[in-house]
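# Residue-level structure breakdown
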Amino acid sequence: MELSKKIAQAIATGKVVIGTERSLKALKQGRAKLVIVAANCAPEALEDAKYYASLGGAELRVYDGDSTSLGLACGKPFSVDMLAVLDPGNSNILSAEGRR
């Protein structure tokens, strides 16, 4: 299953925050288990996400597509630079299989 489907399943069955500010806030609070960043995310935001993910032990993945594609994967009619998975729900997005 590709990452976009896993993202959609995590949004439908778990707890996901969408947006750079909300995702960074979840990372700072240690609530995020996984952060997904669009390939064209601003370099400053990516560096912040890497830093806070390393502090909180969260995994960071770079989405293969741009922010518009990530927005579509989230089922949103707007671009999404970053999202944080707080609870994966019924998706296996956090497992080793979820990385494929």
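Now for a look at the structure at hand. Quick caveat, the model's predicted, so the values are computed rather than measured.

What counts and how
Residues numbered from 1 in each chain as written. Predicted model: local features only at pLDDT ≥ 70, side-chain atom pairs only at ≥ 80, totals over all residues. Heavy atoms only, no water. Helix = DSSP H or I, 4+ residues; strand = E, 2+ residues; numbered from the N terminus. Rg over C-alpha atoms; globule rule 2.2 N^0.38 Å. Buried < 20%, exposed > 50% of the residue type's maximum accessible area, 1.4 Å probe, protein only. Lys, Arg positive; Asp, Glu negative; His and termini not counted. Charge placed at Lys NZ, Arg CZ, Asp CG, Glu CD. Contact = heavy atoms within 4.5 Å. Axes fitted to C-alpha atoms, helices over the stretch in contact; angles between N-to-C directions. Parallel < 35°, antiparallel > 145°, perpendicular 65-115°, else oblique. Left-handed = near helix turned anticlockwise from the far one by under 90°. Nonpolar A, V, L, I, M, F, W, Y, C, P; charged D, E, K, R; others polar. Pairing = 2+ DSSP bridges.

Take the overall build of the protein chain next. Secondary structure summary: the protein chain contains four helices and four strands in total. At 12 Å, the protein chain has a C-alpha radius of gyration in line with the 13 Å of a compact globule built from 100 residues. Each of the three principal axes of the protein chain carries a C-alpha extent, and together these read 30 × 25 × 20 Å. Taking all 100 residues of the protein chain together, 42% fall into the buried category. With 13 positive and 11 negative side-chain charges, the protein chain shows a separation of 8 Å between the mean positions of the two kinds.

What follows concerns the environment of alanine 10. By the secondary structure assignment, alanine 10 is in helix α1 (residues 3-13). When the C-alpha atoms of alanine 10 and alanine 53 are compared, they prove to be 19 Å apart, with 43 residues separating the residues in sequence. Alanine 10 has contacts with Lys15, Val16, Asp87, Pro88, Ser91 and Ile93, leaving out every residue within four places of it along the chain.

The residue threonine 68 is located in helix α4 (residues 67-73) in this model. For threonine 68, a relative accessible area of 46% translates into the label partly exposed. C-alpha separation for the pair threonine 68 and lysine 25, spaced 43 residues apart in sequence, amounts to 22 Å.

In this section: the packing of helix α2 (residues 20-28) against helix α3 (residues 43-56). Their axes nearest at 9 Å, the elements α2 and α3 cross at an angle of 20°. As summarised for this structure, α2 and α3 are arranged roughly parallel, according to the angle between their axes. The chirality of how α2 crosses α3 is left-handed. Mapping the contact onto sequence places Thr20, Leu24, Leu27 and Lys28 in α2 and Ala45, Asp48, Ala49, Tyr52 and Ala53 in α3. When the residues that make up the contact of α2 with α3 are grouped by side-chain class, the tally is six nonpolar, one polar and two charged.

It is worth spelling out the sheet that holds strand β3 (residues 59-62) at this point. By definition, the strands of a sheet pair up through backbone hydrogen bonds, in either a parallel or an antiparallel sense. With mixed pairing, the four strands of this open sheet are ordered in space as β1-β4-β2-β3. The open sheet terminates on both sides in strands that have one partner only, identified here as β1 (15-18) and β3. With direction set aside, neighbouring strand axes in the sheet form an average angle of 20°. Here strand β2 (residues 34-37) runs beside β3; their pairing, made up of four bridges, is parallel. Its bridge partner lying in β3, valine 35 is registered against leucine 60. Contacts between α2 and the sheet are confined to β1, β2 and β4 (82-87), with β4 contributing the most and set at about 40° to the helix.

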